[in-house]
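Descriptive structure summary
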Amino acid sequence: MQELLKKVEESSLREEPLQFEIGDTVDVHTRIKEGNKERIQVFTGVVIARRGSGTRENFTVRRIVAGEGVERIFPVNSPKIAKLDVKRHGRVRRAKLYYLRDRVGKATRLTERRAKKDEE
């Protein structure tokens, strides 16, 4: 049964997986359908969590809008995600950055991580 599920899920996975890590500041380009038109909307923020695996894998992006924290959860393998741009690499020591929810202003900034040699 497990092998059968794995084969079915493989058809739904992206050909080129999204390359990002926890703490990265990203621009998520999302396809939005309005009537018969389609447009792309950008959601910019810090990746604070990543959970699941396979087709059920998703990640949470947090940003501050008008002094209010806004979080949005995106499925990694969703066809609605047009592309994902990594703006900054944050240096973190945790898998989940939920502590950023309690912080305001400059306290939410993460230090920049130096690029790895294999990323160049």
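Rules and cut-offs
- Residues numbered from 1 in each chain as written.
- Predicted model: local features only at pLDDT ≥ 70, side-chain atom pairs only at ≥ 80, totals over all residues.
- Heavy atoms only, no water.
- UniProt positions renumbered as here; feature names shortened; annotations may be inferred.
- Helix = DSSP H or I, 4+ residues; strand = E, 2+ residues; numbered from the N terminus.
- Buried < 20%, exposed > 50% of the residue type's maximum accessible area, 1.4 Å probe, protein only.
- Contact = heavy atoms within 4.5 Å.
- pLDDT = per-residue confidence, 0-100.

For the chain, the name recorded in an unreviewed UniProt entry is Large ribosomal subunit protein bL19, with Gimesia panareensis as its organism. Among the UniProt annotations of the chain, the heading Sequence similarities (unreviewed entry) holds the following wording: "Belongs to the bacterial ribosomal protein bL19 family." Per UniProt, the chain carries the Function (unreviewed entry) text "This protein is located at the 30S-50S ribosomal subunit interface and may play a role in the structure and function of the aminoacyl-tRNA binding site."

We now examine the side chain of threonine 60. The residue threonine 60 is located in strand β3 (residues 58-65) in this model. Note on threonine 60: relative accessible area 3%, which makes it buried. Those residues in contact with threonine 60 that sit more than four places away from it in its chain are Val46, Val47, Ile48, Ala49, Arg51, Glu71, Arg72 and Ile73.

A few words on the environment of arginine 63. Tracing the backbone shows arginine 63 in strand β3. Counting along the chain gives 20 residues from arginine 63 to phenylalanine 43, while the straight-line C-alpha distance between them is 8.5 Å.

So, about the confidence of the model for the chain. Summarising the model, the chain shows a mean pLDDT of 89, and 95% of its residues fall at 70 or more. The lowest-confidence element of the chain is helix α1 (residues 2-10), averaging 84 in pLDDT; the highest-confidence one is strand β2 (residues 37-51), averaging 95.

Time to look at unusual backbone geometry. Positive phi, normally seen in glycine, also occurs at alanine 66, with a value near 50°. Following the sequence through the fold, alanine 66 ends up in the loop between β3 and β4 (68-75).

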